[in-house]
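What follows is the residue order along each chain.
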Amino acid sequence: MRKIVIAGNWKMFKTQVESAEFLSGFLPHLEETPSVREVILFPPFTNLSLLSKSLHGSRVNLGAQNVHWEENGAYTGEISAPMLTEIGVRYVIVGHSERRQLFGETDVSVNLRLKAAQKHGLTPILCVGETKQQRDAGETESIISAQLTEDLVDINQTNLIIAYEPIWAIGTGDTCKTKEANRVIGLIRSQLTNPLVPIQYGGSVNPNNIDEIMAEPEIDGALVGGASLKADSFARIVNYQ
Ligand SMILES: O=C[C@H](O)COP(=O)(O)O
């Protein structure tokens, strides 16, 4: 059985006060959540310590939005895996398209980050996906295949989650059709050596489309941006039917 993983990526949103407000609205809803669903929050780095304490004893896991491959060094603005594990972080997003497009991360550095995460016992969520231009040119499969080939060199597939995030669907309200997301996720799975790797869909997931998305057989969860910022909205997603 593959794991179901529902994750909220807060990106650069929420102060500590706002995070605490979110938790007081969100956590009570988890009493209804089936225990097989893994729930993860990815706040900004500045909120990790606070959430680590607040989530202690709850069923919500904590994740970071990125990790550097070195354990320490002169890398201004970066955070290392031991710094994250020390405060109770268990998951990390690697290769998000915003990191690739806005901050110049490459498949080479994505691979290094994945290795560092795994070496220190973090479970990475590797993000892959195509742009609108690439999709229109019929390049979806080849782009994703190339990303997987380069990103997964020497990566242990027993401690890995993948998120298929078509870039044109992120933050646009233009969700990928569920059948199409299911098809692409099936293709991703066919390229893996471990058939049990959970593969999420991400891109304009919201309370109105989550039931349909999760009804697809290949889709093992969701990586949610905007709709994870409000307690009621993310609770409805986590408690999909
Ligand atoms: O990491 C999350 C994704 O980028 C999706 O963001 P979104 O749900 O706001 O489209």
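Starting from 1, residues in each chain are numbered consecutively following that chain's sequence as written. Local features in this predicted model are restricted to residues of pLDDT 70 or higher, and side-chain atom pairs are both shown and tallied only at a pLDDT of 80 or more, whereas totals for entire chains, interfaces and linings draw on every residue. Hydrogen atoms and water are omitted, and side-chain values are computed over all heavy atoms in the structure.

Where an unreviewed UniProt entry is consulted, the protein appears under the name Triosephosphate isomerase, with the organism given as Aphanizomenon flos-aquae LD13. UniProt positions are given in the numbering used here, feature names are shortened, and annotations may be inferred rather than shown by experiment. Regarding the protein, the UniProt comment filed under Subunit (unreviewed entry) reads as follows: "Homodimer."

Proximity of charged atoms lets side chains of opposite charge pair with each other. Just to be clear on terms, a salt bridge is a Lys or Arg side-chain nitrogen sitting within 4 Å of an Asp or Glu carboxyl oxygen. This structure, assessed with the given rule, holds 18 salt bridges. Between K11 and E98 there is a salt bridge whose closest N-O contact spans 2.8 Å. Here K11 is found in the loop between β1 (4–9) and α1 (16–26), whereas its partner E98 is found in helix α4 (residues 97–102), with 87 residues between them in sequence. The class for E98 is partly exposed, based on a relative accessible area of 26%. Note that E216 and K179 form a salt bridge whose closest N and O atoms lie 2.9 Å from each other. Here K179 lies in helix α8 (residues 178–190) and E216 lies in the loop between α9 (210–214) and β8 (221–224), a separation of 37 residues in the sequence. The helix count covers DSSP runs of H or I at least four residues long, the strand count covers runs of E at least two residues long, and both are numbered beginning at the N terminus. When accessible area is computed with a 1.4 Å probe and restricted to protein chains, residues below 20% of their type maximum are described as buried, those above 50% as exposed, and intermediate ones as partly exposed.

Moving on, we get to the UniProt feature "active site" (unreviewed entry) in the protein. UniProt feature "active site" (unreviewed entry): in the numbering of this structure it lies at H96 and E165. Separation in sequence by 70 residues is not matched in space for these annotated residues, since their most distant C-alpha atoms are only 8.5 Å apart. Checked against the lining of the largest cavity, the annotated residues reduce to H96 and E165. For H96, the position within the fold is in the loop between β4 (91–94) and α4. Residue classification places H96 among the buried residues on the basis of a relative accessible area of 4%. Residue contacts are defined here by distance: any two heavy atoms, one from each residue, within 4.5 Å place the two residues in contact. Filtering out sequence-adjacent residues up to four positions away, H96 remains in contact with N9, K11, C127, E165 and I170. By the criterion applied in these results, polar contacts are pairs of N or O atoms within 3.5 Å in which, for protein atoms, one can donate a hydrogen and the other can accept it, and in which residues neighboring in sequence qualify only through two side-chain atoms. Within polar-contact distance, the side chain of H96 engages the backbone nitrogen of E98 at 2.9 Å. Its place among the elements puts E165 in the loop between β6 (161–164) and α8. Under the relative-accessibility criterion, E165 is labelled buried at 5%. A polar atom in the side chain of E165 sits 3.2 Å from the side chain of H96. Every definition here rests on a 1 Å grid over the protein atoms only: cavities are sets of points where a 1.4 Å probe fits but cannot get out, pockets are open sets enclosed by protein on both sides within 12 Å along at least five of seven lines, and lining residues have some atom within 4 Å of a point.

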